[in-house]
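Descriptive analysis of the structure
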Amino acid sequence: MRSSVMPTSYRKDARPPAAVSAVGLRKSYGDQAVLDGVDLRVPAGTVFALLGPNGAGKTTAVKILSTLISADAGDVQVGGHDLATDPQAVRAAIGVTGQFSAVDGLITGEENMLLMADLHHLPRREGRRTTAELLARFDLADVAEKPASTYSGGMKRRLDLAMTLVGDPRIIFLDEPTTGLDPRARHSMWQVIRALVSEGVTVLLTTQYLEEADQLADRIAVLHGGTIAAEGSAEELKRLVPGGHVRLRFTDPAGYRAAADALRGAALDDGSLALRIPSDGTQRELRSLLDWLDSTGIEADELTVHTPDLDDVFLSLTGGTNEPSEEAVR
């Protein structure tokens, strides 16, 4: 009789392929280990956020993955290419927008774009077409012939990212791309990033803005002390921190008292007729609570779920302190 079990070599991997993977990534400056055995896996077509305090090693990791500096140890694959043996292929597959703008303020936005097209060895006609398309896409066509020094911070950042896209990379490293931008410019940049990912581009993002990671990232890794302290979706990370609860509010005092008598572990708020029940906010726990309410005939007028936010996660995992600056240890 034939076995119905599929041979291991033919089993389909349910996970999407990795655009970026690193195993055992290490980098030290003197006696200071900036990265001390970091493992990363960035699925293709997603946003992966590397979160951490100043000096945690975020920029060092991006510089290694983008071939700007070498690692002391570790196996790295970017876009299917081995970083150690084929760095040129890695460079051809990626785009990088660093912490500090690469825009030349002495020339126009269009000239910045054309210069980047020349660096990518695009034919003149193709370079001009690509420049025009990207300037229009990033809402910079009206200021294309003005010196970049006259641009606002948000406009310079958009131009910086447009320059990164000249080579049509499928993997983009964004190192704190919205630092120093006002809320409107930051939200505009988020829209650009979402649009890129919807087209299949993979983004590895470093940031200190917890809201940014929460808004954009499919997965988040918290880097602390040279290692990954935790990794998961925003919701998974929030469940790591205690303090989550379900709040039941009643308008009927009798229903409130009945629920309070039955739920001995709940915290009572007699003034607002509300119960606070410890919960990790999972679907299973909520279903169990709702089933219990139905079975007892108790009707709550309002149910709200409260979970810790990324601020709580960040402070819990990092102790709320900054680490030595990456520049300071060199």
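What comes next concerns the included structure. (Residues numbered from 1 in each chain as written. Predicted model: local features only at pLDDT ≥ 70, side-chain atom pairs only at ≥ 80, totals over all residues. Heavy atoms only, no water.)

A word on a nonpolar patch on the surface
Judged by side-chain polarity, Leu-290, Leu-303 and Val-305 come together as a nonpolar surface patch covering roughly 220 Å² of accessible area. Since its relative accessible area comes to 34%, Leu-303 is described here as partly exposed. (Patch = residues over 30% accessible without salt bridge, like charges linked within 9 Å, V, L, I, M, F, W, Y side chains within 5 Å. Areas by Shrake-Rupley, 256 points an atom, 1.4 Å probe, with all protein chains shown as cover. Salt bridge = Lys/Arg side-chain N within 4 Å of Asp/Glu carboxyl O. Buried < 20%, exposed > 50% of the residue type's maximum accessible area, 1.4 Å probe, protein only.)

Quick look at unusual backbone geometry
Positive phi is not limited to glycine here, since Asp-139 has a value of about 60°. The topology assignment puts Asp-139 in the loop between α4 (124–137) and α5 (153–164). Asp-139 gets classed as exposed once you look at its relative accessible area, which sits at 61%. You will see that Leu-273, though not glycine, has its phi angle at about 55°, which is positive. Along the chain, Leu-273 turns up in the loop between β12 (267–269) and β13 (274–278). (Helix = DSSP H or I, 4+ residues; strand = E, 2+ residues; numbered from the N terminus.)

Some details on the nonpolar core
Side chains that are nonpolar tend, in soluble globular proteins, to be buried together. With 47 residues, the main nonpolar core has Val-47, Met-113, Phe-138, Leu-159, Val-203 and Ile-220 as its most contacted residues. Looking at this core, the element that brings in the most residues is helix α6 (residues 183–198), giving six residues. Among residues more than four places away in sequence, those in contact with Ile-220 are Ala-49, Leu-51, Ala-213, Ala-230, Glu-231, Gly-232, Ala-234, Leu-237 and Leu-310. Judged by nonpolar contacts, the second largest core, of 28 residues, contains Val-34, Ile-64, Leu-65 and Ala-221. (Core = buried A, V, L, I, M, F, W, Y, C linked by side-chain atoms within 4.5 Å. Contact = heavy atoms within 4.5 Å.)

Points about the pairing of β13
Where strand β11 (residues 245–249) lies against β13, five bridges are found, and the strand directions are antiparallel. Residue pairing for β13: Val-246 is matched across the bridge by Ile-277. Across three bridges, β12 lies against β13 in antiparallel orientation. Its bridge partner lying in β13, Leu-268 is registered against Leu-275. Where β12 hands over to β13, the hairpin turn is made up of four residues, of which Leu-273 adopts a positive phi near 55°. (Pairing = 2+ DSSP bridges.)

Thoughts on the side chain of Thr-206
As for its placement among the helices and strands, Thr-206 is situated in strand β8 (residues 202–207). With near-sequence residues (within four places) excluded, Thr-206 lies in contact with Leu-50, Lys-58, Val-62, Leu-174, Asp-175, Glu-176 and Pro-177.

Examining the sheet that holds β11
What the four strands build is an open sheet, ordered β12-β13-β11-β14; its pairing is antiparallel. Where the open sheet ends on each side, the last strands, each with one partner, are β12 and β14 (302–306). Across the sheet, the mean angle from the axis of one strand to that of its neighbour is 20°, orientation sign disregarded. This element, helix α9 (residues 253–262), spans β12 and β13 of the sheet and lies at about 25° to β13. Sitting on the sheet, helix α10 (residues 283–296) is in contact with β11, β13 and β14, with an inclination near 25° to β11. (Axes fitted to C-alpha atoms, helices over the stretch in contact; angles between N-to-C directions.)

What to know about α4
Helical geometry note: an α-helix holds 3.6 residues per turn, so side chains three or four residues apart project in the same direction. End to end, α4 covers 20 Å across 14 residues, agreeing with the expected 20 Å (1.5 Å per residue, within 8%). Considered for burial, the residues of α4 that qualify are Gly-127, Thr-130, Thr-131, Leu-134 and Leu-135. Down the axis of α4, the sector holding all buried residues measures 125°, keeping them to one side. Looking at the buried residues of α4, the elements they touch are α3 (109–119) and α5. Trailing α4 by a residue or two, Asp-139 shows a phi angle of about 60°, which is positive. (Expected span 1.5 Å × (residues − 1). Arc of directions from axis to C-beta.)

Looking at the sheet that holds strand β7 (residues 171–175)
Overall, mixed pairing links the six strands, which are arranged β6-β7-β8-β3-β9-β10 in an open sheet. In the strand order of this sheet, the two ends are held by β6 (94–97) and β10 (227–232), each with one partner. Across the sheet, the mean angle from the axis of one strand to that of its neighbour is 15°, orientation sign disregarded. The pairing of strand β9 (residues 219–224) with β10 spans five bridges and is classified as antiparallel. The residue bridging Ile-220 from the neighbouring strand is Gly-232, located in β10. Each of β3 (47–51), β7, β8 and β9 touches helix α1 (residues 58–65); the most contacted strand, β8, lies at about 150° to it.

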